[in-house]
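# Observations on the model geometry
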Amino acid sequence: MKAFLLATSLFSILFATLPSTAQTQTFPTSAGPVKITPLNHASTLIEAGGKAIYLDPAKPAKFSGMPKADLILITDIHGDHMDPDAIKEISKPDTEIISSPAVAQTITSAKPIANGESKTWQNWTIEAVPAYNLKRGPEPGKLFHDKGRGNGYVLTYGEKRFYFSGDTEGVPEMRALKNIDVAFVCMNLPYTMPPEEAADAVKAFHPKIVIPYHYRGSDLSVFKKALEGTGIEVRLLEWYPK
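Summarised in this report is the structure supplied together with it. Keep in mind that what you see is a predicted model, and the values were worked out from it rather than measured.

What counts, and at which threshold
Residues numbered from 1 in each chain as written. Predicted model: local features only at pLDDT ≥ 70, side-chain atom pairs only at ≥ 80, totals over all residues. Heavy atoms only, no water. Helix = DSSP H or I, 4+ residues; strand = E, 2+ residues; numbered from the N terminus. Rg over C-alpha atoms; globule rule 2.2 N^0.38 Å. Buried < 20%, exposed > 50% of the residue type's maximum accessible area, 1.4 Å probe, protein only. Pairing = 2+ DSSP bridges. Phe/Tyr/Trp six-rings, centres within 6.5 Å; stacked < 30°, edge-to-face > 60°. Right-handed = clockwise from strand over helix to strand, strands pointing away. Polar contact = N/O pair within 3.5 Å; in protein donor to acceptor, adjacent residues only side chain to side chain. Contact = heavy atoms within 4.5 Å. Salt bridge = Lys/Arg side-chain N within 4 Å of Asp/Glu carboxyl O.

## Re the overall build of the protein
- Each helix and strand in the protein was counted, giving 6 helices and 14 strands.
- Over its C-alpha trace the protein gives a radius of gyration of 18 Å, about what one expects of a compact globule, namely 18 Å for 242 residues.
- Overall, the protein is about 60 × 45 × 40 Å in size when its C-alpha atoms are taken along their principal axes.
- With 242 residues in all, the protein has 50% of them scored as buried.

Quick look at the structure:
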């Protein structure tokens, strides 16, 4: 009995450290399904075609028991997006890294991709979209995210287009996006934008599905209500597991 209780306890501890796959979203494409799992804040696992892609792997996301990365995408230089320790933990000898040029100055093994550029990787097309502040910053004359430093990404697989905003306000380049099937859009003050502004930007490019992420402290009900009647499906996932 003691052995059983000890095994049960150990299993419970291990299970508690793993991300919940109950939040995993599966999207059919012409090349096969794409599975996307929220890990924490901006950290995301994308799986398709037997490959694992991590977007912005960073603490406090837990990677124990997770697949090693075939590709890592990094959007910006801040610690909630660029975490050398997390990158090391999920990497294997042939892991590839793609990032903004600013990130590549620190993560020197990364292949840089600048705003407006695109690359192919396996069966994916990766487009770098500008991600920056228009007006918010730590003090007058300074912005939290300068234009040209960070990337959002549009990832295309099997004719389905997935957008991850990175740290940004509702900039013109976001609003001008076309044919986005699934959009992951940030919202958190003071660093990016409030839910109302995020919803207004989403209305402009009208994805089929939108999923808020990087939303710590935001009222998602405000975001969802602002998109009622638009025909855009809003999915709310848990990016901050207890």
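Here the narrative resumes.
## Notes on the sheet that holds strand β4 (residues 51-55)
- The 7 strands lie next to each other as β1-β2-β3-β4-β5-β6-β7, forming an open sheet whose pairing is mixed. The open sheet has two edge strands with one neighbour each: β1 (25-27) and β7 (111-112).
- Pairing geometry for β1 and strand β2 (residues 34-40), over 3 bridges, is antiparallel. Note on β2: the bridge partner recorded for Thr26 is Lys35.

## Quick word on the packing of aromatic side chains
- The tally for this structure, following the rule as stated, stands at 12 aromatic pairs.
- Taken together, a centroid distance of 6.3 Å and an interplanar angle of 70 degrees make the contact between Phe164 and Tyr213 edge-to-face. Taken together, the positions of Phe164 in strand β11 (residues 160-164) and Tyr213 in the loop between β13 (209-212) and α6 (220-226) put the pair 49 residues apart, joining distant regions of the chain.
- Note on Phe164: relative accessible area 1%, which makes it buried.
- By relative accessible area, Tyr213 is classed as buried at 0%.

## Structural notes on the pairing of β13
- Judged by which residues are buried, β13 turns out to be covered on both faces: Ile209 and Ile211 on one side and Val210 and Pro212 on the other are all buried.
- The pairing of strand β12 (residues 182-185) with β13 spans 4 bridges and is classified as parallel. Among the inter-strand pairings, Phe184 is bridged to a residue of β13, identified as Ile211.
- Crossover connection from β12 via helix α5 (residues 195-205) to parallel β13: handedness right-handed.
- Relative to strand β14 (residues 233-234), β13 is paired through 2 bridges, and the arrangement is parallel. Opposite Val210, over in β14, you have Val234 as the bridge partner.
- For the crossover from β13 across α6 to β14, the handedness is right-handed.

## What to know about the side chain of Thr95
- Tracing the backbone through its elements, the reader meets Thr95 in the loop between α2 (84-90) and β6 (96-99).
- Taking relative accessible area as the criterion, Thr95 reaches 15% and is therefore assigned buried.
- Only 2.8 Å separates the side chain of Thr95 from the backbone nitrogen of Lys92, close enough to count as a polar contact.
- Thr95 has contacts with Ala69, Asp70, Ile72 and Ile90, leaving out every residue within four places of it along the chain.

## Looking at the pairing of β2
- Most of β2 is tucked away, with 6 of its 7 residues classed as buried.
- Between β1 and β2, which pair antiparallel in sequence order, lie 6 residues; one of them, Gly32, sits at a positive phi of approximately 115 degrees.
- In this antiparallel pair of consecutive strands, β2 and strand β3 (residues 43-48), the connection spans 2 residues, and His41 shows a positive phi of 60 degrees.

## Considerations on the pattern of salt bridges
- Per the counting criterion, the structure on display carries 12 salt bridges.
- Among the salt bridges present, the one from Glu197 reaches Lys135, with a minimum N-O distance of 3.5 Å. Within this pair, whereas Glu197 is found in helix α5, its partner Lys135 is found in the loop between β9 (124-131) and β10 (150-157), the two being separated by 62 residues in sequence.
- Note that Arg136 and Glu169 form a salt bridge whose closest N and O atoms lie 3.2 Å from each other. Here Arg136, found in the loop between β9 and β10, pairs with Glu169, found in the loop between β11 and α4 (172-175); they are 33 residues apart in sequence, far enough to count as distant.
- Here Arg136 falls in the buried class, since its relative accessible area comes to 16%.
- Overlapping salt bridges, with partners in common, bring together Lys135, Arg136, Glu169 and Glu197 in one network.

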